[in-house]
Amino acid sequence: MAPADITMTDKTANLADARARRSKLGIWMSRAWRFRMGVFGGLIFALLVVMAVFAPWIATHDPFEQDILFRLTPPVFLAGGDWEHWLGTDQLGRDLFSRIVYGARISLAIGVGAVLVAGLIGVVMGLLAGFFGGWLDAIVDFSINAMLAFPFILLAMTLVIVLGASMENIILALGISNWPIFARVARVETKKLREQEFVVAAQALGYSTVRVIFRHILPNLTAPILVIATVEIARSIIRETFLSFLGLGVQPPTPSWGLMLSEGRDYILTIWWLSTLPGVAIFLAALGINLTGDALRDFFDPRLKRR
Amino acid sequence: MRQYISKKLLHAIGVALVISIVSFFLLFYTADPATMLLPENADDEDIAAFNAAYGLDRPLLVQYADYMGKFIGGFDFGTSWVAKVPASQLVGDALWPTLLLALVSQIIAVGLAIPLGIISAIKRNSLLDNFTTLFVLIGQAMPLFWLGIVLMIVFGVYLQWLPVSGSGSWLHIILPAVTLASFVLPLNMRLVRSGMLEVMNQDYIRTARAKGVFENKVIARHALRNATIPLVTVTGIQFGALLGGAVVTETVFSWPGLGRLAVESIRVGDFPVVQAIVMILAGFTILANLAADIGVAWLDPRIRFD
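Being a predicted model, the structure only gives us computed values, none of them experimental.

### Thoughts on the overall build of chain A
Item 1. Along the backbone of chain A there are 11 helices and zero strands.
Item 2. Of the regular secondary structure in chain A, the N- to C-terminal order runs α-α-α-α-α-α-α-α-α-α-α.
Item 3. When contacts within chain A are restricted to residue pairs at least 6 apart in sequence, those whose partners lie at least 24 apart make up 70%.

### Considerations on the overall build of chain B
Item 1. Scanning chain B for helices and strands turns up 13 helices and zero strands.
Item 2. The helix and strand sequence of chain B, counted from the amino end, reads α-α-α-α-α-α-α-α-α-α-α-α-α.
Item 3. With respect to the principal axes defined by its C-alpha atoms, chain B has extents near 85 × 55 × 30 Å.
Item 4. Partitioning the intrachain contacts of chain B with sequence separation of at least 6 by distance along the chain shows that 72% fall at a separation of at least 24.

### Quick word on unusual backbone geometry
All names here are of chain B.
Item 1. One non-glycine residue with positive phi stands out, namely S254, at about 50°.
Item 2. By the secondary structure assignment, S254 is in the loop between α11 (229-253) and α12 (258-268).
Item 3. Classification of S254 by C-beta neighbours within 10 Å gives partly exposed; the count is 14.

### Some remarks on the packing of helix α4 (residues 96-132) of chain A against helix α9 (residues 209-245) of chain A
Residue and element names in this part refer to chain A.
Item 1. Here α4 crosses α9 at 145°, and the two axes come no closer than 8 Å. Read as a crossing pair, α4 and α9 show a hand that is right-handed. Note on element contacts: α9 touches α4 through I213, I217, L218, L221, I225, A229, E232, I233, A234, S236, I237 and E240, opposite S107, I110, G111, V112, A114, V115, A118, G119, V123, L127 and F131.
Item 2. Of the residues that constitute the contact of α4 with α9, the class distribution is 17 nonpolar, four polar and two charged.

### Points about the confidence of the model for chain B
Item 1. For chain B, per-residue confidence averages 78 on the pLDDT scale, and 94% of positions sit at 70 or higher.
Item 2. Scored as a whole, the predicted complex attains pTM 0.78, and scored at its interfaces, ipTM 0.74.

### Concerning the packing of helix α2 (residues 36-53) of chain A against helix α11 (residues 273-300) of chain A
Residues and elements named next belong to chain A.
Item 1. Orientation of α2 relative to α11, taken along the N-to-C sense of each, is 130°, at an axis distance of 7 Å. By the angle class used here, α2 and α11 are oblique. The crossing of α2 and α11 is left-handed. Contacts from M37, G38, F40, G41, G42, I44, F45 and L48 of α2 reach α11 at L284, A285, L287, G288, I289, N290, L291, T292, D294 and A295.
Item 2. When grouped by side-chain class, the residues that make up the contact of α2 with α11 number 11 nonpolar, six polar and one charged.

### Focus on helix α4 (residues 60-74) of chain B
All names here are of chain B.
Item 1. Over its 15 residues, α4 runs 21 Å from end to end, which matches the ideal 21 Å to within 8%, given 1.5 Å per residue.
Item 2. Burial within α4 is sparse, with just one of its 15 residues counted as buried.
Item 3. A positive backbone phi angle near 50° is found at F75, which sits one or two residues after α4.

### Description of the interface of chain A and chain B
Item 1. Contacts between the two partners involve 31 residues from chain A and, on the opposite side, 36 residues from chain B.
Item 2. Mapped by element, the contributors of at least two residues to the side of chain A that touches chain B are α5 (134-149), α6 (152-163), α9 and α11 of chain A.
Item 3. With seven residues, α6 of chain A is the single largest residue contributor to the side of chain A that touches chain B.
Item 4. Taken together, the residues of the side of chain A that touches chain B break down into 24 nonpolar, five polar and two charged.

### Observations regarding the nonpolar core
Item 1. Core analysis: the largest hydrophobic core is formed by 151 residues, its most contacted members being A156, V160 and A286 of chain A together with V91, A262 and I277 of chain B.
Item 2. Ranked by the residues each element gives to this core, the list is headed by α4 of chain A, at 18 residues.
Item 3. When residues no more than four places from it in sequence are discounted, the contact partners of A286 of chain A are A234, I237 and I238 of chain A together with A141 of chain B.

### Concerning the confidence of the model for chain A
Item 1. On average, chain A scores 79 in pLDDT, and the residues at 70 or more come to 87%.
Item 2. The least confident element of chain A, judged by mean pLDDT, is helix α1 (residues 3-34) of chain A at 65; the most confident is α4 of chain A at 89.

### Description of the environment of G244 of chain B
Item 1. Checked against the element boundaries, G244 of chain B lands in helix α11.
Item 2. By C-beta crowding, G244 of chain B is classed as buried, having 25 other C-beta atoms within 10 Å.
Item 3. Sequence-distant contacts of G244 of chain B, that is, excluding residues within four places in its chain, are made with P151, F152 and I153 of chain A.

### Comments concerning the environment of G55 of chain B
All names here are of chain B.
Item 1. Along the chain, G55 turns up in the loop between α3 (44-53) and α4.
Item 2. In this structure the C-alpha to C-alpha distance between G55 and D66, which are 11 residues apart in sequence, comes to 9.7 Å.
Item 3. Other than its neighbours up to four places away in sequence, G55 contacts Q63 and D66.

### Observations regarding the environment of I161 of chain A
Item 1. Tracing the backbone through its elements, the reader meets I161 of chain A in helix α6.
Item 2. C-alpha of I161 of chain A to C-alpha of L248 of chain A: the two residues are 87 residues apart in sequence and 7.5 Å apart in space.

### Topic: helix α10 (residues 215-227) of chain B
All names here are of chain B.
Item 1. Taking 1.5 Å per residue, 13 residues should reach 18 Å; α10 reaches only 16 Å between its end C-alpha atoms and comes up short.
Item 2. Taken together, the buried positions of α10 are I219, A223 and A227.
Item 3. Elements that come into contact with the buried residues of α10 comprise α5 (87-122), α8 (171-200) and α9 (203-210).

Cut-off values and rules
Residues numbered from 1 in each chain as written. Chains lettered and ligands numbered in written order. Predicted model: local features only at pLDDT ≥ 70, side-chain atom pairs only at ≥ 80, totals over all residues. Helix = DSSP H or I, 4+ residues; strand = E, 2+ residues; numbered from the N terminus. Contact = placed C-beta atoms within 7 Å. Buried ≥ 20, exposed ≤ 12 C-beta atoms within 10 Å, placed from the backbone. Axes fitted to C-alpha atoms, helices over the stretch in contact; angles between N-to-C directions. Left-handed = near helix turned anticlockwise from the far one by under 90°. Nonpolar A, V, L, I, M, F, W, Y, C, P; charged D, E, K, R; others polar. pLDDT = per-residue confidence, 0-100. Parallel < 35°, antiparallel > 145°, perpendicular 65-115°, else oblique. Expected span 1.5 Å × (residues − 1). Core = buried A, V, L, I, M, F, W, Y, C linked by C-beta atoms within 7 Å.

Here it is, written out as structure tokens:
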């Protein structure tokens, strides 16, 4: 083979490669454009996670450090603000930006933790009820209805009072109050899946019930559960802010967004940014997570797109 | 239809019973009211006296049976441990403000959701449709009490158009009702929109149009009735959420309803009042669900035979 030939084939190969790469990129670009709101939401969500994980490196100050001389300094974009505390300081002279960054940890931990608790209880109950049917299904269905009629916030509040207001207990209280949402979906989906041919085939092959449930049914529940889980993370974050507002949330001096919001309420007419900034953080976080959830739903179930 | 209703009714009674049991055991078994309510220097004798006075020294099952007996006998929810008056009296005074608030905000929410949902479904991807979608997204990401506080500052403090909190005149209900309505409006709007989108593609709509029925009449007569079925179901289910939202809203606006009473009672450990509120709120939720079930069966006869 002549050397020229080799270069020719290399060139064509490179060209074909590039074309394939470009079209793959093109596909991804058009997909990203179709789910642009979801991409936007996902970016906010990712930012939240980065803030939570790398809080010590992102924060400019110790979130607990009080500097009484610099109490209630305004953010840098208002008169009297300076770059040392660029989002200002709170009533105890703590750096607001650093507290918001660390607050992402608390909010995310509560949101994800509460969803894990609710999801675990709910999915197991829904799976078993949907798969076995009969009296088990009747009991689970009944419990779901009863729990949904229970005033959610009163249940969560009572649980916090009974258990004591700590972060673990708030996660537990929000999770326990929220399992029916997951159970309801898991139950209905399992019922549909149980009748499908691949499940019947797996049973006919003599696979154990445990294997059928965990290897054949559970993986197919991932999409609907993931969609609800995302939205419920946002809802749990918002619910924590209300518990904090009532003094039943995370206790001071923990930098929780809800707590900061309710502490700033006393100054709202004069020092409005004190509660507005954590309020914006909560709003953006919930918005980002909700958009991600919407995009996931459209992705998994295109039938529902733009409804 | 009668069989359907009696089946649903039986189910509703069962749910109510379970809720009464769960909340009673949660409140009266896990918490220790004497330590919450008595002064810190109370000795064992004081605690025993307190427990004896309210019958808390009896076995829990006996307490529950006694409680339910009195409740069924004459809506007696026991005596408030703090105010020392019948819990039913406290709850009764707070019930009407909450129902009024829930009703007004539901009227606002449904009244806005239907026209906005229809318009955004018919004029898809128009400016209004996109605006509606944005509004829904914002509504879902905003903590309810924060919205309440913002409304309070804008309309109460700066513009001074409306009273900031409390009750008394019809002006007082506007801010809390709007706040609470915003809690359920996004979902309602979404439901009407998706319901309309689905219905407008159906054969009977094409038939109606082909017959020469005016477009307005097609929408009002043929489409809307079917498009609002999910809204009716959800309005029932949502009633519970609405009452939960009332807890938040009433606390922010000092509205003298059940929600505020519940928050205060949970805080101080006045459990007979909490139990009474849980039973009343759950009772209303169950009734609303029942009404929704019957309403849907009336709108869509197929459901009766499921």
